[in-house]
Amino acid sequence: MIPVYQNSSELEKLAKNKFAIPQFLMMENAARSMADFILQKAAANAGPQNVVIACGKGNNGGDGYALARLLQDKLEITLLSFETPTAEEARAQYEMCQRLGIKILSAENPEDLKTFEKACKSADYIVDCLYGTGFHGELKSSAADIIKLMNKGKGIKIACDISSGLAFTADYTITMGCQKLSLFSDKAKAVSGEIILADLGISRRNFENQASTNIWLIEADDRKLPLRKNRAAHKGTYGHTAVLCGDKAGAAILSATAAINFGSGLTSLVKTSASDLNQFKISPALMISDSIPKKTTCLALGSGFSDFSDQAADLLTHWFENSPYPALVLDAGLLTSPKTPELLSKLNSFDQARIILTPHLAELSKLLENCGTSEYKVSALAENPELKIEAGLYLTKRFPHTTVIMKSANTFIASGDQTFIIADGVPSLAKGGSGDILAGMAAALLAQGYSAKDAAITAAEHHAQSARSLGEEAYNLSPEALISKINL
């Protein structure tokens, strides 16, 4: 897990005071990281190459001026000053470039802008150093125009620390010092490209250990996969997942199929009055029952339910009351029912309960509205990672035995007072049935005895990695293909 911080500038101030690392040196190391990256790329290509760098007035712009100085005589440089530097270190870097004879174009000069536009069209590398993580609000129209020129270029696009105003479409974002929460909004994911973490001249351990955080970025190695190492195991060792069927039974079948493929020892489809399984070809490995099997260790319901029927609620409540270690995954339509908050309060009264909710952002917004809070709109949740964290913490505080998987371009998991980010999801997952499969995977792990936190993290990360193995941009991902990739 990689720690993620809401306020990176505070860490830089602490580093300056604690380790006597001046801001100027941190700027120099940030520029060196970008220069090394570009030169490594350039070494793989023959012939002269050129780079365009656009600089703002703050320290992000200072990084750009330092980068130009480090690349002098190595690449052909087109350097644009969008505004006169105001930050002390940026002014110093600007002056060094001037004294070294590096030509600096001015965005206020129409002829210079024409030169910049022409350079963008032919540049091998285009570097955005206009604004950093401290930028808030709307871009000036003049800044937006500069970014449009850079976005039109065919070269490799690199953002310094973060895409300016989340408008520059980067192939790579080289972020400095630590992972920053602002990089993990849905909007940021669309424009950040591959995120590369560079240091500022001190080790990540020393830099990150200055402040605590409850936000963590999940990596593939953080998965606790249900590998079978017990040589004396039998099917009962790995639990029994029961998936309740609603009026759209196909979704429940996908969940159950995912569960059995992710280690559930036994998996049953439980019919309700709304379900009709006759139209489906069902794997013989799935058992079909009219009631919850006696030895069930986890229930999953919601996938394929248009309405939260009293029958489903009664089945669920009765099973919780009679199970010593009840586990539940609640998905899809049931999350938006006005009855859900009251039911969750009751289920969370059981001390041994392990509950996972798997809402996408529209379902999350509706669930929160039904809980009595209406400030969590879908667009705000997508654009503001702080708000997503706040929403998750609200739910885990109100329902203390519950972990929430908030599905989105970057999926956030709230468990206790911690938040975990799954950033490995890919566009190919934008397909009906993907969420049903995730619900089944999480249920399988709960059935096998995982904690709700570990089940949520492992299921969500493995779900993302499974889709990634089929191709990030694949348009033909199907639920069946995704299930086939669950097995390593």
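That block above? That's the structure.
Residues numbered from 1 in each chain as written. Predicted model: local features only at pLDDT ≥ 70, side-chain atom pairs only at ≥ 80, totals over all residues. Heavy atoms only, no water.

### Some points on the overall build of the chain
Broken down by element type, the chain carries 17 helices and 19 strands. Projected onto its principal axes, the C-alpha coordinates of the chain cover approximately 80 × 45 × 45 Å. The buried share of the chain, reckoned over its 488 residues, is 55%. (Helix = DSSP H or I, 4+ residues; strand = E, 2+ residues; numbered from the N terminus. Buried < 20%, exposed > 50% of the residue type's maximum accessible area, 1.4 Å probe, protein only.)

### Concerning the pairing of strand β19 (residues 418-422)
Burial analysis of β19 places four of its five residues in the buried class, the great majority of the element. Pairing analysis gives three bridges linking strand β10 (residues 215-217) to β19, with the strands arranged parallel. Bridged to Ile215 within β19 is Thr419. Where strand β18 (residues 411-415) and β19 come together, five bridges link them in antiparallel fashion. Its bridge partner lying in β19, Ser415 is registered against Gln418. (Pairing = 2+ DSSP bridges.)

### Some words on the sheet that holds β18
The mixed open sheet is built from 12 strands, whose spatial order is β8-β1-β10-β19-β18-β17-β16-β15-β14-β11-β12-β13. Only two strands of the sheet have a single neighbouring strand rather than two, namely β8 (179-180) and β13 (287-289). Docked against the sheet, helix α10 (residues 310-322) engages β11 (240-244), β14 (298-301), β15 (327-331) and β16 (354-358), running at close to 165° with respect to β14. The sheet strands contacting helix α14 (residues 385-398) are β10, β17 (402-406), β18 and β19, and the helix crosses β18 at an angle near 35°. (Contact = heavy atoms within 4.5 Å. Axes fitted to C-alpha atoms, helices over the stretch in contact; angles between N-to-C directions.)

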